[in-house]
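# Observations on the model geometry
In case you want the letters, here they are:
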Amino acid sequence: MAGVTETGAVESGVVGGGSLGRRFGWLWGAYAVSTFGTRLAFDAFPLIAVMVLDAGPAQVSALAAAGLAVGAVVAVPLGPWVEFRRKRPVMVAMDLVRCAVLLSVPLAYAFGRLGFAQLLVVSIVVAAADITFRAAAGSCLKALVRPQDLLAANGRFEATTWTATMLGPPVGGAAIGLFGPVVTVAVDAVSYLLSALGIRAIGGGEPRPRRRRADAPGQRAGDLLDGWRYVLASPDLRPLFLNTVLVNGLIMATAPLLAVLMLGDLGFAPWQYGLAFAVPCVGGLIGSRLARPLVARFGEHRVLVTSGVLRVCWPVGLAFVGPGTPGLVLVMVVEFGLITSVGVFNPVYATRRLELTPADRVARTLSAWTISGKLTTAGLTAVWGLLAGLTGTRTAVALAGVLILATPLLLPRRHHAPAPAPAAPAEGR
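No experiment lies behind these values; they were computed from the predicted model shown.

## Notes on the environment of Pro315
- Along the chain, the position of Pro315 falls in the loop between helix 15 (300–310) and helix 16 (324–355).
- Exposure remark for Pro315: the relative accessible area of 11% places this residue in the buried category.
- For the pair Pro315 and Val331, spaced 16 residues apart in the sequence, the C-alpha separation amounts to 9.5 Å.
- Once you skip the residues sitting within four places of it in the chain, Pro315 turns out to touch Val334, Leu338, Gly401 and Ile404.

See below:
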């Protein structure tokens, strides 16, 4: 939910003194608790696959890829469905779904019935629920805060993300060492339950979205592609979409390979693996704090492009990780540079995306964006798993790092004005 957003000027609840209001506070709190739970379970499924089911690189990559791909396909019709429903009930439902399916993992493990197929099914359901939640959450945020406060709100979500990522993996690694590899999955499940309670506490009225004549029930089949049509037709969103989808896909494609390389080939303990990716998250806090003053001084577009270029200069360094303390230090330095740049880029990019998306298209646009990202990540993860089997894990990581250096060519060349607001809704539902 980093960069969550919503639309419609519904009772912003903004108060003075820099506060974004009580209702935003509940949304932020719900996000914080679920994010801490998820980061505590950092790479939980790859760790379970490697440590419990003795899976190799191809299986671990297949688990990540298939879960994302099938979950994304399942979520395709859900974006248009979310668009014309109240968003907070959808968010609560998706939290409860994720809680239930994640709890099935520790239960199956306790009875000695946990298998690869169950991990795959759970990952599919969680992926679909995550896409649906994000689509609704985007609309929710835009409705709760004023347009001029979106960057501040996205900056707070980004800072929370990196705080959780900094603290969660080391604690999760220690918990795995003390209690076993599935305990963090149970904690993650409970965090979604707490998130659902926080979203319900937001309170206040939420009007039912109204359909325009163009969105009449007889044309719902066309809604499935409407998010993609809008993104690809926008001269500002299209390059940003292609850039972020490809960059995130190449970064995430190497995550299972790094788990295999560090936990298997190089012999790092789980707590060391978690620590290597947790300490650099200080950079995310720094970047998220810098985003707003940098935009105020240099302008949104310049900050977006500069941080977008800087964030791709680092991943190739992960191909040179070795054993012991020098290897850990190298990972931390590379990740610090990457995460600091991402900490600046993400809130600016999330805000730009919301600014350019009309209120009545947010859910469909964010759903299409997230589905595309997950399918791209799934495809690249599968390809890189096969590539690692053919060329070696380290070579595959290096190739991803080299390819990502070309992605700044896809960044927007200039900032176009946001699209005009759509015509007033004509038909209630």
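## Digging into a nonpolar patch on the surface
- On the surface, Leu96, Val190, Leu193, Leu194 and Leu197 cluster together to form a nonpolar patch covering roughly 430 Å² of accessible area.
- Counting residues per element, the nonpolar patch draws most heavily on helix 8 (residues 183–200), at 4 residues.
- Assignment of secondary structure puts Leu96 in helix 5 (residues 87–110).

## Observations concerning the side chain of Arg361
- Considering the arrangement of structural elements, one finds Arg361 in the loop between helix 16 and helix 17 (362–391).
- The buried category is assigned to Arg361, whose relative accessible area is 18%.
- Among the polar contacts listed, one links the side chain of Arg361 to the side chain of Asp226, at a separation of 2.4 Å.

## Quick look at the confidence of the model for the protein
- Taken as a whole, the protein shows an average pLDDT of 83; of its residues, 89% reach a score of 70 or greater.
- Looking over the protein, one finds the lowest element-wise mean pLDDT in helix 9 (residues 220–223), namely 56, and the highest in helix 15, namely 95.

## Concerning the nonpolar core
- By size, the foremost hydrophobic cluster in this structure holds 32 residues, and its most contacted members are Met262, Tyr273, Phe277, Val331 and Trp384.
- Contributions of two or more residues to this core are made by helix 11 (237–253), helix 12 (255–265), helix 13 (270–278), helix 16, helix 17 and helix 18 (393–403).
- In contact with Met262, other than residues within four places in its own chain, are Gly267, Phe268, Tyr273, Ala276, Phe277, Leu328 and Val331.
- Counting residues in each nonpolar core, the second largest holds 29 residues, with Leu20, Ala30, Phe157 and Ile199 among its members.

## Digging into the side chain of Thr184
- Examined against the element boundaries, Thr184 turns out to sit in helix 8.
- Judged by relative accessible area, which is 1%, Thr184 ranks as buried.
- Beyond its immediate sequence surroundings of up to four residues, Thr184 is in contact with Leu40, Ala41, Ala44, Gly172, Ala175 and Ile176.

## What to know about the packing of aromatic side chains
- In total, this model carries 7 aromatic pairs according to the counting rule given.
- Ring centres of Tyr31 and Phe157 lie 4.9 Å apart, and the angle between their planes is 90°; this geometry places the pair in the edge-to-face category. Taken as a pair, Tyr31 in helix 1 (residues 22–40) and Phe157 in helix 7 (residues 150–179) lie far apart in primary sequence, 126 residues in all.
- Through successive ring pairs, a cluster of aromatic residues spans Phe24, Trp28, Tyr31 and Phe157.
- Positioned above the aromatic ring of Phe345 is the side chain of Arg311, whose terminal nitrogen or guanidinium carbon lies 3.9 Å from the ring centre.

## What about the pattern of salt bridges?
- For the structure on display, the rule yields 11 salt bridges.
- Ionic pairing is found between Arg134 and Asp130, a salt bridge with its closest N-O pair at 2.9 Å. Of this pair, Arg134 and Asp130 both sit in helix 6 (residues 116–144), 4 residues apart, which is roughly one turn of that helix.
- Residue Arg134 is classed as partly exposed on the basis of its relative accessible area of 29%.

About the thresholds
- Residues numbered from 1 in each chain as written.
- Predicted model: local features only at pLDDT ≥ 70, side-chain atom pairs only at ≥ 80, totals over all residues.
- Heavy atoms only, no water.
- Helix = DSSP H or I, 4+ residues; strand = E, 2+ residues; numbered from the N terminus.
- Buried < 20%, exposed > 50% of the residue type's maximum accessible area, 1.4 Å probe, protein only.
- Contact = heavy atoms within 4.5 Å.
- Patch = residues over 30% accessible without salt bridge, like charges linked within 9 Å, V, L, I, M, F, W, Y side chains within 5 Å.
- Areas by Shrake-Rupley, 256 points an atom, 1.4 Å probe, with all protein chains shown as cover.
- Salt bridge = Lys/Arg side-chain N within 4 Å of Asp/Glu carboxyl O.
- Polar contact = N/O pair within 3.5 Å; in protein donor to acceptor, adjacent residues only side chain to side chain.
- pLDDT = per-residue confidence, 0-100.
- Core = buried A, V, L, I, M, F, W, Y, C linked by side-chain atoms within 4.5 Å.
- Phe/Tyr/Trp six-rings, centres within 6.5 Å; stacked < 30°, edge-to-face > 60°.
- Lys NZ or Arg CZ within 6 Å of the ring centre and 35° of its normal.

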